[in-house]
Structure formats: structure tokens, C-alpha cells
Amino acid sequence: MYGEWVSLIGNEPTGDRLSVLERLPLDSAKDVVLPVARHIVSTLGISQPPAPSPFATDPEVEWCMQVVCYGLSLELTEHDIIKDCVSIYCEWLSCLTPSPKLSVPKPIVERPNFYARKMINHLYHLFTPRKGEGQDTINRQAVFCHRVLRILQNIMKTSGILDSDTWECVLLFLISISDAILSPPTSEIGDQLCERVLSVLFEMWLLACGKCFPSPSLWKTLRDSCQSWRHRPNLFEQWNRINLILAGRVLTIMYGSDYIKLEEPGSDLVPEGMSNDCVVQTWFRFLHCVGNPVELTQPTIISQTQSFLQYAIASQDVVDPCQHPCLSILPSIFHQAIRGISAVVDAFLGLPRTSILGIPTGRSKDNLLPLIQTSVSSTQSQSTNQSTTSSTSGSSSILSVEMSPGSTRPAPAAARPKINSILHLFGPWLFEASLVSYDTSFVGDTRRTSRGSVPAALPENIDIPNAITIDKYYQGRAEALGILCRIFSSKKTGEEILPAYLARFYITIRKGLKDSRSEVLGAILSNSWNLMRVDMDGVSMLVPILVSALETVLPNKENLKGDLRRSAIQLLLSILPLPLHFMNLPLKEVTDRNGQGMTFLQLKPRLANLLINTLQTETDSANVQMLLGGLIMFVMDTAAYEETDRASLNLGMESPTNLLSSDSAHALFVRATYLVCHRLISTWKVDLPVSLAALELLNGLARTKVHDQDALECRRAVKWICDFIIHQCSRPPPAHSKDLHSSIVAAFQCLTTWLTEHPYLLEDKDSLCTVLEVVEYGISGTKSQGKPGEALKLKDEKELKPVSLRVRDSAEALLTVIFEQVGRYTPNNGVKTSSLVDEFVLLNQLTNKSSNAGLSREEIVNYFRYFVIDGTILLGLLEDPLENEQNPQPTVTAILRCPTGRHAWNLHLRHMPRHKEKSFSSNLSNPGRPLPMNDIGVYHEIEHRYFPESTDRIIQCKADNAIPTWEAISSTIPGGQDSYEDSRLSMILENQIQDEKKIANKILEEFDEIYTNLRTECVPPPMSQNFQTARLLLSHLGLISFQNRLDSGVGAPPKLVPIDSHHVEFLSELDSLDSTSCRTCDTVHIFYVRAGQRKPDEILSNVESKNTSHPHFLEFLLSLGWPVAVAHHAGWTGKTNTNLKGSKTTKENAKTFPVKKEMPKSVHNRNEEPVQNENHGGSLYNGDTEILYWVDVTSEIAFIVPTGKSELDINKVLWNVSNASTGGTAKSTVPPGPMDRSNSVGKDEDKPPRPTQPLLHSKSLESNTAERFVQHLQNLEKEHLEEANRMKKIQAGKTRDTKIFVVWLESFEDSFAFPANELLGYTYTGLENSVLTEPSLIIFIHALRNGLFRIHLEGPSLRMGLATPMIDGMVVSRRILGNLVRQTSLNMARRKRLENDNFQPPHVRRKQKIQEILYKFPLVMSEPEFYAHFYQKPTSSEQGEKFQHQQLSGYHPFNEYEVDLTKGVKV
């Protein structure tokens, strides 16, 4: 850089530093100096008031300065003289300040710069080391030097009259004194002043660069001088500090003040008025002022100075200058220099840890690195004992990236410079430093020296000291390797790196990974976490050596700790998908040009074993969670590959002997299940995040379809999960906490997944008993079968004391799934937990449809009888037969609403089995007219008798006449009242006889009309069409028996309670119950971000066309769930205003029945997918017409791709009211509510959504009066209040919405600036109970060029941690991307619900809704009225009117009961 310039060191004029008194004898000269100095000091005002100087002319001042100059060069024993001389010059230098002191001579005040340069040159003698001085005198000299430096530094900062010559003189003076102090190998004054002199030199140099930029000769002088001081650790201490300060200013100039924040003491050293070009030039020149730092590894170069040569000539112990003891700390200095470069590189990369961390400030001795302190102490010990080696650094080099346990890696700045630019600056040094001390070996007592890497020729009999052999520089090498790894790991998306840099990097990394020293290996692994996921060309050639390094490090937990193991695990996670992705692609060695090498697929068994072995030894919680996520991903990827392309994968034959060494999906499934279950019970049970991650892994394994899966292993897994639940529940009371119960709830959910995915498990008697025993334990808190020898506890004798209500609810949910869903659930088509049939669909199927036309929803409900059974089941009974019945039979249709959903049953009363129905019905049909018979008999008229003829032949006795006849009585009755009664009775009898004759004659006449011919056939009477089937069914079930009503107990509600369906609020409560899902509902919003996009509008418009999205984006969307049409979808649609829209549409159409409506299509039938727009890029699934839907037994997820206007903005609709005559304008705003976006629920459901329909227009207002406008506003407010009340009922008990975003990135750097908060307004679902400030989880997906996908997770910190199986930094394959995203979203939502204290499971919310209906709408009747109402038509409104009257009178049937909606009604 300065090859054409001459260094000024040694070439400066020495005449300015000489005094005429040096020609006199020493004693005579001292006799001159002493009185002169004392007289001048007396005028300075130190001990007495200052006086004007007696020197008035230039010759007088010149002579006086000659005296002071000689006084400064005296031996340190002349302490008083030197002190006076120092005081004189310190006072006289005030001539450079704005207000010189009174004692300064007039000629100096008139020519301040000229005389100041002379005084500064004379002060050089003060800093010259004296030989043979004691420690006390050296300390006094150091005090004088500190005073001079402080005065000079203050004057240079405050003076405004300095010219360029003075600046050059000052800088040259500082270089000269520094060289005099620091260049000797050993100097006691140098040890004391080294730090101070260097700090003043560099700080004054910075000041000069801002006020008078130094000449190239001065820069050349500074560089040459610094290179002769490189054996001083303080030099690199100050060099690192100044470089970092200037680098911060340079980055501020290039990228702005927000790019990096350097909390560096002394950052104000750079003058404010310094131009940008000057700052850049100063930084670059300072960076190179010490030369190549790698030369510190070559003692022969460092010792090639005049001072070292003089010492070697004068010393008998040192043969060569490189053998000087002071060079023993060169390895530590080299490490320190590389760490300084590391800090500057991190600043350029924008890493947030960039600061003075690990770089000493140089302010005081106490601020030195432990590294330097240890090294200095080591040097002192080595000066007495050459056999000892230098101590290692007190601060490990591989801690360059500081991380706390569980924290994420610092991300480089998005606007960072290109890698090529950084390597142009630091690459030569770093690549050279990374190869230092490579291939060092020890054989016996023979030690390999540094001669092979040092170009200087040395005699054969000279050996390098043991402390500075080339193998001692491994710490600096490790730091250099770490810097290179961080640089290349910071590659941007689409950035090109020069092939020469890539080749050199791969070579250095390969050589570094082969080093057996843990510091080097640890430095590479701790900084390469991002190496395999940044799309570098040819990086796959490092995979074999990286796997070998990981095999050395990870299985042994003593090798690396904490964040270093975390980095190695992250590196492992980025390598796991490579074997099945690249398959048989060969991996060649760098030096192997002919050999084929191994293939990627051959690495798969090694990776499987490495993953399992690492998980066995890992103890850190965060690391275990990462490994669990990697393990389930590895198993799922293998299983998915075997399912799609099993023929091309040679898995071999498995046997019990090679199962543990196999890498097939079956083997991995067995090994993962065994390991995770055992560790879960033994060591992970006390760590909630780890136990949740383990249970999530078992959930994923349950859903993974493995070829030739062993049922025995599945049974063992279920047994282990049950054991985990029992163990957690059985822990002592002090150990019970919310976290413990959360792990139990998660275990019950995991058990549910296993049983639904593998229903054959319950066919095994042992598995069934184990599961039911756990369910019993969760509900009751104890087991019926206790320890051996204990008596059995019958369930009706046990006291219910569950561990907690959450555990009880989870156990009840599992029991319900066992009875209702196991064996019914099919993963391919989902599961239907609720029937799509309701009252409005059923009434459309009635035979008598003409009478149902024009019915309102309230009237339709009145056709049903409603009852609540046991406080948990709402039963609706329809007694009218359906029109599809061929043979009229006693039929009842029941709609059961229970905690697990809505179910419709159609029941028939049959007296004969189905196979006999035809023969029975044929007997009831007309057999036809019989054939006429010829032998017709004679017709005889017979008078029918009341008694047989034999009774006339029996002789009567007196007892027969005990009751007289009426004729006998009437003949004996005289006239009077009795005769009147007799006449009346006779008349009644006569009238009755006449009436009976008339009826008989009428029947005969009708018979003659029907059967005019006696030969007419007999016609059977018509079959009955009306049956009171509700009474029959409930009676057959024993629910309306009198005994059953008595068994309910005194004061308790009966088992069967009729419900008043005529109440005005009953229908809204019924809708609220139907709107309460029996499964958890989650919504995931998906965004596509093109490179460089920051605005929400740009992001939302990307999915309008497939031309603006990635080709694999649509494939990814379809792998998340099934496309369903919102209009016909009966499940969760991602928004409350469209939820259950299919069934609601049917309800609205049930008002009138013009035609027969078809049943809603199944949401799971893939063959009935709606017609799609083939040109869309994902916008079809924005939730307006279609969504992507996934469901299992307990959960349902809606995947939505937002495209429209922000729904939070829609709620703030404004409209103008114009007056045609005045032109005035009025504004009004509809009060925002949770469902202002739509009115598509309830009685206003047929109206268009409110945002798409303008509230008022100026044209319409012109024809409307002011009264109509006011009425319109009132109607809007009323509708809003009704909607808010309805939504309040629906949302009761629900948890707040968990916002989960999935973001597809074209450029990974866009993840740092993703506008998540701005996009929250486009993800409104209607479940928000509070204002959300950020999403709960953001899953960033970046498609790499090799076909894999990089995952990045962001979200607020949770006590339970982020969900698995996806891990931040993981690389996944295309075949399992959708599955992993879905499982991670589902697990994250579950964790949020576990963290929410107010969350209630769906079945609990539905149970409470039913109990609310029971409490609000019971029919209060006496026993006779209760039985009589079964004989009345359900449309009768008498009971409803009676109930309403009682409500108005203040009577309520349950006022005498204590009501707890979580436990039912009790006394």
C-alpha cells in the first residue's frame, strides 16, 4: 500500500532532541539545569502565584529550552530535576490552547506551533527507557509519562491553531515514544505504559484523520512501527477496538444507523466533522496497519527486528531472536487478532451480538481479557521454566456466537453485503489462518516444528520453543474457521459466490473437520448450523465428512455442551432428508478424481443410528425437542417414500437380529417408539416441553402408515402411554401442578389418536382392559383393581375424586371416542361426528307436505317434542312418518343432541322380523272372491238367547228370587214420588230403544248402499296411520314410568324433563347448541411472498394467478387438506359467519318447501370436489367459496389463503348523507362488532353480507325522508345488537383464536421483514375474544434450488415451547411438507389451549349448553299433566302459554335447586 513511500522512523532529524549542555561534564550540566529549572518553576504558579516569564526574546527562550531538554534526559535518580522540567513544558504547552497561561514566555505565545514542536521533541527523552533503574524509579517515570500524555491529549483535542507540521510532529512523536517503549522484547517501562501509549497514539491518530489527514509517509511509518510491536498483546487489543469503532461508522455510512448497534466505549473517538470518505480511508488503513495477522504464527518473522537482534547478540541464552521468551504468547496474540477480525466480520454481517464482547477495551489493566491475563502469567512462568507450555485461553474461541439455552440463532441482517465483498477484504487472512497448524502429528518424543510452514531458514541445531510450535495456534485457527463458516452460512437467496472462494472454503472445512482437537471441530460445528440450507453450489461434498464429525461429537455428551450441541443438532436436521432426496447420486472426494465414492443412500443407516444414539445421550431440554422433531420427520419421510416407490428401495430382509441396524420405516418406527416411550416414563416425565414433544412424536407415529407394521409394537406403545398417565396421576400431591395435568391431558389426546388410527388394538383383551382402566382412573381418581391382595372396588361404591377437572374431561372424551368413533374413523375420508340431518331437513321429508308449506322456523320446531335426559342429552322426537315409508308402521324420528354431537335416528315398532314381513303382509291382503258352491244349505232364522237353553230346566230356589224384578216392584208401588220416577225410567228406556232402532236401521241402509248385492266381497277396514310413537318409545325405554320418576329423589329433577319448544328464545338456544362444534376448531392462514415484497396488498395479490406463484405451491396447498365448498360444508369453515352454512341454508329453505331439497353433500367425498378455476394460484381457497379442510376425531382445521380486503377495515364502513338542496354532508359509523361483517345467521341469513351491500347511497337518500333514515339507523343498530348477543352465546366458553400463519417465501431474507401485524386484519375468524398483537406461530417455507424446503419458525415465547414436529431450521422433503405443516399447526393450537386456563373442551361446552336449555325451558306440569301431554299433538301451544305465564309471575321450577352447569343440577 505504501511501497513508494519512505518510513520516517529512524529518518527524523535528531538535532531537535539534542542539547548544548551534553557537551559539558555531567556535574557541570546538572549545576546549570537545577537553578534554571527551579526558577522557572517558581513562576508557574504551582506553589505560589504565577508570574510573567522573564524570557522575552527568542534567543533567551531557545537557551532555556536547551536547559530543559537536557534535564529531561537525566537519569531517573534526578527525580526533582525531571519533575521540574516536565512541569515547565506542561505549562508552556498551553500556548496551543485558546487562553495560554501567564507564565508562558511571550515569544512562545507569539509562535506557538514552532516552539510546541520543539518542546514535543524534547519530551521524547522522558519516555526513553533507562537501564539499571529500580522499580520505584521506573514507577516515577511512568507517572511523568502519563502526565505528559494526558496534557498532550487534552491540548490536541481543544486546540484550534494547530498546523499540519505540528500534527505531523505530534504523531511522529507518539510513534517514536511507542517504538522506544514497545519495540524491545522486554522493558519494564514498556509493560507499564504499553496500553496507555497505544491508546493515546490511536486516538490521536483518529483525531488527526478528522482535522489534518496524515501523509502517506506517516501511514507507512505507523505500519512499520506496529509490525515491530506485534509481540505486545496490547497492540491488538487497541487495534481490535479501533477497527470495530471505525467499522461501525462505515456500516452506518453504507446501510444507515439502524443496521447495527455497537455499544462500544469510546465510540465518540471519531470526530463528528469527519467526512465519509475520510472514515472509510481511515478504517481501511487502520485495518492493515499491523500487516497480515497470520504472520503471528511465524516467530521468525515477528522477531526480525533490530531490538530482537540486539537482544540475541547480547544474550548468551538466546541463540536466535525467535527463541526469546516474550514470543511464547504469540498463540494467544494470534487468537486475539483473529477474534478482532471476527468482531468486524460479524458487524458486516449484521449479527446482533456484535459488540466489544471478547475484545478488550484497553482502558485499564482490569479490562484485559482473561485470555491475555492467563497468557501473561504463563509467559512469566515460562521465563523461569522453559519446559512448561502456554496456557489456553480463559475465554474459549468457539463461544463466538453467544446463545442462551433454548434461544434461537442470531440472524444476519437482510441488507448485509455480499459474501464476495467480505471475502475480498478478509478472505486472504482467514483462509490462510484456517490452515495454520494443520496436520500436526506427534510420534514418540519427536516433535514436529514450525520449519515446514516458516519460510525463514534456520540452522539445524536451533529449535523452536515448545510454546510457539505451529500446533499451538489451533485456537486462532478455530476462530478463523468459525468466521468462514458464519460468512458462508450467511449467503443470501440467489447470491453467487466465486468458485475460487467456494473451493478454498470446502478444502479448509474438510481439513478442519479431520482435526482431532475439540476446539477446531467445535468451532466449525458451532458456526455451521446454517451451512446445508443456504443453496451453496457443491456443498454436498461436505456431507460425508460432516456426518463423520457428528458421529464423533453427538453420541458422546462430554464432547460439547449447550449451544454447541444445539448447533450440531441443527446441522444434523438439515442433512437428514438428503439420502432419500438424492438417492444414488455419488459423493466424490475432493482429492479423488477417479473413484466413485459413496452414494447419498448409503448414508441413511448412519444417519438413523446417529439420530437414535444422540437422542439416547442428550439431556438438554431444547436439544431433545429438536431431536424428537427430526426423528418423526425422518420416520415419516421414510414411510412416505416406501409407500410411493418401495420397489426402487432395496430394504432387504428384516429379522430380530438386524432390526436395530435397519433403516426401513418399520425398523425406525419400532426403535423410535421403544426409545421415546422408555425415556418418557423414565426421565422426560418431569419436563413439560419435552414430554409434550414426545407425545406429539407418538401422535405422529400413530398417523404414519408403515408397511408391515407390527401390531405387538402398537399395543406396547398404547401400554406405555397408559403407564405414563398412571404414573403422572399417582405422583404425590406436592408434585401436582398445571404443567403435570397438561402432560396428562396431552397423553389422553395421544391415546385417542392411537386408538382411532389402529382400532384393532381394542380387539385385544389386555389392551382394552388397560385403556379402560386408565379411563376409569382419570374419571374417578382411583382404580377398581388395586394392588395385589386388595379387594375390588365396585364403581358404584367409589367416590369420584379425579386428579383435576381437565383430566376428568379428557378421560370422558376418550371414553366417548372408544364407544362412538373407534372403528368408524377412516383417515382418508375423515370422520363425521355430527349428523347433517336436523328438524328442518326432516320436516321436508314428511308425507303430508302440503300442510307444511310456508312454515316459519319457529313453527317447524313445534312439530317436535323435546326432552332432556339425565341433564346431558337433548332429545327431539318427530311422530309423523316419513314419506319414503312403504308400509305404515309406528315410526318415530329422534334427533339426539349430546356432548359429542347431533345424531338422527329413525325407529320403527316391529312385531315380526324383517324376513317374515312379506308372508305376513300377504295374509293381510285381499285373498280374492271364493268359488261358488252348489250345495247351498237352507237359511234358518235363529233367535239368539242370552243364556243357554239348559238354564230353563234348572229349578229355581229362593235365592234366585232375592232380587225382585222391576215389574214386581212397580206393581206394588203406590202413587206419588216413586211412581213419578218409575214413569221417567220407563220413558228413558223407550227413548233408548227407539234410538237404537234408528241407528240399526241407518246401518242397514248404509249396508244396502255399499253391498247392494249380497255377493259383494268383504273389504277390510283401512290400517291406522297415526300412532303416538313418542309415548310408545319413551315408555318402552322406561323413561316415563312412575317408578322412574320416583327414583330421581326428593328435590332432584326427574330423569326425563320435557322442554318447552314454544318459548321465544328456545330456537336461538338450539342454534347456539348446534353452532357449538363437538371438535376443536382451528384456522391456518397461508400467504405467498414474492422476493422483495413488504406490503400486504402485494402479498395478497400473488395468489390470484398461478403465474405469480411457485409451481409447487398449489401442490403444497392440496396436501394440507381436502377442498370443500363453503356453501355445502357443514364443518368449520375458518369464519364464524360461514360456519355450518350448509345446514343453515337448509334451515332457511325450510321456511317454504317448493321442492324436495337434497341432503348436503359429504364434505369428505373427494369425488365430489367443486369445479375449480385452473388458472388460480391459491386464491380459490380464500374462504368465500372454498377452503382446504382437514378433520379427525377431535380436531378440525380450515386452511385459508387470504386475498380480500382487511376485515378489520370492513367493520369501519363510513357512509355519506347528502342533501340535494343544501349540499351538506353528514357522516355516521356503524358501531363495530364481532360479526358486523355479515348478517348471514339467523332470521337475516338470506340477506347479502353487510360489507358487500352499501348501507346508504346518496341517490337512495334523495328519495327517502329524514324519518326513514333515522329508522334505518335504528334498524341497523338493533340488528347489530341482536347479532352481538347471538355471537356472545356462541363464543361462550371458547378459547381465543390461535393465529397461525404459513408463509411461502421466494427469498428467505423476506422473513425478517414479513408484515405479520399488518396482515392480522385479513385473518379475522370471529373467535377473537381480545385484540391480538402478533400471531402465535409463523411457519416460513423457503423452497431451495435442490428441491428441498427450508423451515423457519417464529412466534412469541411460550412456557411450553413451540410445537413439533417442525423445528426452526429444519430442511424437509416435498413429499411430507404438507403433513408436517398440518401436524405442527395442530400441535401448536393444542399447546395454546393447554396454556389457557379458561379453555373448555368441546364436549364440556355442549354439555353446559344442554343444561342451560334444561334450566331455561322446562315444562312445569303435575303428574297427570305430564302423562296427559303425551296424548296431545306437539303443535299445541297450551303448555307454552302456561309456562310463559309462570315466567311472568316470577315462578321458576328450578329455583329450589342449586345449579352448577359444570356438574349438573343437584339438591
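Since we're looking at a predicted model, the values are computed, not measured.

Draft legend 1. Examining the overall build of the protein more closely. Across its full length, the protein holds 50 helices and 21 strands. The buried share of the protein, taken over its 1467 residues, is 53%. Long-range pairs, those at least 24 residues apart, make up 74% of the contacts in the protein with a sequence separation of at least 6. Of the roughly 67,500 Å² of accessible surface on the protein, 54% is carried by carbon and sulfur atoms.

Draft legend 2. Region of the structure containing unusual backbone geometry. Residue Thr 1364 is joined to Pro 1365 through a cis peptide bond whose omega torsion reads 15°. Even without being a glycine, Asp 535 presents a positive backbone phi close to 60°. Structurally, the position occupied by Asp 535 is in the loop between helix H20 (518-527) and helix H21 (543-553). With a phi angle near 55°, Met 583 is a residue other than glycine that sits in the positive phi range. Mapped onto the elements, Met 583 comes out in the loop between helix H23 (578-582) and strand S3 (586-587).

Draft legend 3. Just the sheet that holds strand S11 (residues 1122-1125), in detail. Spatially, 8 strands are ordered S11-S12-S13-S10-S16-S17-S18-S19 in an open sheet, and the strand pairing comes out mixed. Two strands lie at the open edges of the sheet, namely S11 and strand S19 (1371-1372), each paired on one side alone. Sheet topology places S11 next to strand S12 (residues 1186-1191); 4 bridges connect them, and they run antiparallel. Bridge pairing in S12 links Val 1124 to Ile 1187.

Draft legend 4. Layout of the sheet that holds strand S8 (residues 901-908). Strand order in the open sheet made by the 5 strands is S8-S7-S6-S5-S9, with antiparallel pairing throughout. Strands with a single pairing partner mark the edges of an open sheet, and in this sheet they are S8 and strand S9 (1056-1059). On average, adjacent strands in this sheet sit at an angle of 25° to one another, irrespective of strand direction. Contacting strand S5 (865-869), strand S6 (873-878), strand S7 (891-898), S8 and S9, helix H39 (residues 1066-1075) crosses the sheet at an angle of about 65° to S7.

Draft legend 5. A look at the packing of aromatic side chains. Taken as a whole and assessed by the stated rule, the structure comprises 32 aromatic pairs. Ring geometry for Phe 334 versus Tyr 473: centroids 5.9 Å apart, planes at 75°, classification edge-to-face. Of the two residues, Phe 334 is situated in helix H15 (residues 330-349) and Tyr 473 in the loop between strand S2 (446-447) and helix H18 (474-489); the sequence distance between them amounts to 139 residues. The exposure class of Phe 334 is buried, given its relative accessible area of 0%. On the basis of relative accessible area, Tyr 473 is assigned to the buried category, the value being 1%. Taking the centre distance of 5.3 Å and the plane angle of 90° together, the rings of Phe 1426 and Phe 1430 count as edge-to-face. Take Phe 1426: its relative accessible area is 1%, and that puts it in the buried class.

Draft legend 6. Just the nonpolar core, in detail. Counting 306 residues, the largest nonpolar core has Trp 92, Phe 488, Leu 698, Trp 754 and Phe 1116 as the members making the most contacts within it. The leading source of residues in this core is helix H9 (residues 188-211), at 14 residues. In contact with Phe 488, other than residues within four places in its own chain, are Ile 419, Leu 423, Phe 431, Ile 497, Tyr 501, Leu 502, Phe 505, Leu 531, Val 534 and Met 536.

Draft legend 7. Highlighting H15. The end-to-end C-alpha separation of H15 is 28 Å, in line with the 28 Å expected for 20 residues at 1.5 Å each. For H15, the buried fraction is high: 20 of the 20 residues fall into the buried class. Immediately downstream of H15, the backbone of Gly 350 shows phi near 80°, a positive value.

Draft legend 8. Up close: the confidence of the model for the protein. Taken as a whole, the protein shows an average pLDDT of 77; of its residues, 74% reach a score of 70 or greater. For the stretch residues 1141-1170, pLDDT sits under 50, and the model shows 74 contacts to residues farther than four places along the chain or on other chains. In the predicted structure, residues 1443-1467 sits below a pLDDT of 50 and forms 46 contacts with residues beyond four places in sequence or in another chain.

Draft legend 9. How the structure looks around the side chain of Ser 1311. By secondary structure assignment, the location of Ser 1311 is in the loop between strand S16 (1300-1305) and helix H46 (1316-1319). Assessed through its relative accessible area of 2%, Ser 1311 is described here as buried. Here the side chain of Ser 1311 touches Phe 1308 through a polar contact of 2.8 Å, landing on its backbone oxygen. Filtering out sequence-adjacent residues up to four positions away, Ser 1311 remains in contact with Leu 1305, Phe 1340, His 1352 and Glu 1354.

Draft legend 10. Structural detail: the pattern of salt bridges. With the rule as written, the count across this model stands at 39 salt bridges. Taking the shortest distance from any N to any O, the salt bridge between Glu 551 and Arg 606 comes out at 3.0 Å. Placement of the pair is Glu 551 in helix H21 and Arg 606 in helix H24 (residues 604-617), with a sequence separation of 55 residues. Connected via shared salt-bridge partners are Glu 839, Arg 897, Arg 902 and Asp 1074.

Draft legend 11. Up close: the pairing of S5. Across the 5 residues that make up S5, a large majority, 5, are buried. Of the two faces of S5, the one holding Arg 865, Phe 867 and Ile 869 and the one holding Tyr 866 and Val 868 are both buried throughout. Bridge analysis of S5 against S6 gives 5 bridges, and the strand direction is antiparallel. Counterpart to Ile 869 in the pairing with S6 is Ile 873. The turn linking S5 back onto S6 is made up of 3 residues, and Asp 870 within it adopts a positive phi angle of 55°. Where S5 and S9 come together, 4 bridges link them in antiparallel fashion.

Draft legend 12. Molecular detail of helix H29 (residues 738-757). Here H29 spans 29 Å end to end across 20 residues, near enough to the 28 Å set by a 1.5 Å rise per residue. Across the 20 residues of H29, 17 count as buried, placing the element largely inside the fold.

Draft legend 13. Seen up close, the environment of Phe 1430. Assignment of secondary structure puts Phe 1430 in the loop between helix H49 (1423-1428) and helix H50 (1438-1448). When its relative accessible area of 1% is taken as the criterion, Phe 1430 is described as buried. Note: C-alpha distance between Phe 1430 and Thr 1029 (401 residues apart in sequence) is 9.3 Å. Sequence-distant contacts of Phe 1430, that is, excluding residues within four places in its chain, are made with Arg 865, Phe 867, Gln 1028, Arg 1031, Leu 1034 and Ile 1040.

Draft legend 14. Seen up close, a nonpolar patch on the surface. Judged by side-chain polarity, Trp 966, Ile 969, Leu 985, Ile 988 and Leu 989 come together as a nonpolar surface patch covering roughly 440 Å² of accessible area. With 3 residues, helix H36 (residues 977-1010) is the single largest residue contributor to the nonpolar patch. Looking at the secondary structure, you find Ile 969 in helix H35 (residues 966-972). With a relative accessible area of 32%, Ile 969 lands in the partly exposed category.

Draft legend 15. Quick peek at the packing of helix H11 (residues 233-255) against helix H12 (residues 276-287). H12 packs onto H11 with a crossing angle of 145° between their chain directions and a minimal axis gap of 9 Å. For the pair H11 and H12, the crossing hand works out as left-handed. Mapping the contact onto sequence places Trp 239, Ile 242, Asn 243, Leu 246, Ala 247, Arg 249, Val 250 and Ile 253 in H11 and Asn 276, Val 279, Val 280, Thr 282, Trp 283, Phe 286 and Leu 287 in H12. By residue class, the composition of the contact of H11 with H12 is 11 nonpolar, 3 polar and 1 charged.

Draft legend 16. Representation of the side chain of Lys 491 in the model. Within the element layout of this structure, Lys 491 appears in the loop between H18 and helix H19 (499-513). A polar atom in the side chain of Lys 491 sits 3.2 Å from the backbone oxygen of Val 534. Residues within four places of Lys 491 in sequence aside, it is in contact with Arg 416, Ile 419, Ile 497, Val 534, Asp 535, Met 536 and Glu 1309.

What counts, and where the lines are drawn
- For every chain, the first residue of the written sequence is number 1, and numbering continues from 1 along that sequence.
- Per-residue local features are limited, in this predicted model, to residues with pLDDT of at least 70; the limit for side-chain atom pairs, both in listing and counting, is 80 or more; totals at the level of whole chains, interfaces and linings are taken over all residues.
- Water and hydrogen atoms play no part in the side-chain values, which are based on all heavy atoms of the structure.
- Only DSSP runs of H or I covering at least 4 residues are called helices, and only runs of E covering at least 2 are called strands; the numbering of each starts at the N terminus.
- Partly exposed describes any residue whose relative accessible area lies between the buried limit of under 20% and the exposed limit of over 50%, with all areas from a 1.4 Å probe on protein chains only and scaled to the type maximum.
- Should any heavy atoms of two residues lie within 4.5 Å, those residues are counted as being in contact.
- Note on areas: Shrake-Rupley, 1.4 Å probe, and residue coverage restricted to the protein chains presented here.
- Strands qualify as paired when DSSP identifies two bridges or more between them.
- Every axis in this analysis is a line fitted to C-alpha atoms, fitted for helices over the stretch in contact. Angles between the N-to-C directions lie between 0 and 180 degrees.
- Aromatic rings from Phe, Tyr and Trp, taking only the six-membered ring of Trp, are treated as a pair when their centres fall within 6.5 Å; an angle between ring planes under 30 degrees marks them as stacked, one over 60 as edge-to-face, and anything in between as tilted.
- The term nonpolar core refers to a set of buried residues drawn from Ala, Val, Leu, Ile, Met, Phe, Trp, Tyr and Cys, joined through side-chain atoms within 4.5 Å.
- The span you would expect from a helix comes to 1.5 Å times its residue count less one.
- How sure the predictor is of each residue is captured by pLDDT, a score from 0 to 100.
- Identification of polar contacts relies on pairs of N or O atoms within 3.5 Å, with a donor-acceptor requirement for protein atoms, meaning one able to donate a hydrogen and the other able to accept it, and with residues adjacent in sequence counted only if both atoms are side-chain atoms.
- When a carboxyl oxygen of Asp or Glu is within 4 Å of a side-chain nitrogen of Lys or Arg, the pair counts as a salt bridge.
- In this scheme, patches are assembled from residues that exceed 30% relative accessible area and form no salt bridge. Like charges are connected within 9 Å, while nonpolar side chains (Val, Leu, Ile, Met, Phe, Trp, Tyr) are connected within 5 Å.
- Note on convention: near helix rotated counterclockwise from far helix by under a right angle means a left-handed crossing. Clockwise means right-handed.
- Residue type decides the class: Asp, Glu, Lys and Arg count as charged, Ala, Val, Leu, Ile, Met, Phe, Trp, Tyr, Cys and Pro as nonpolar, and the leftover types, Gly among them, as polar.

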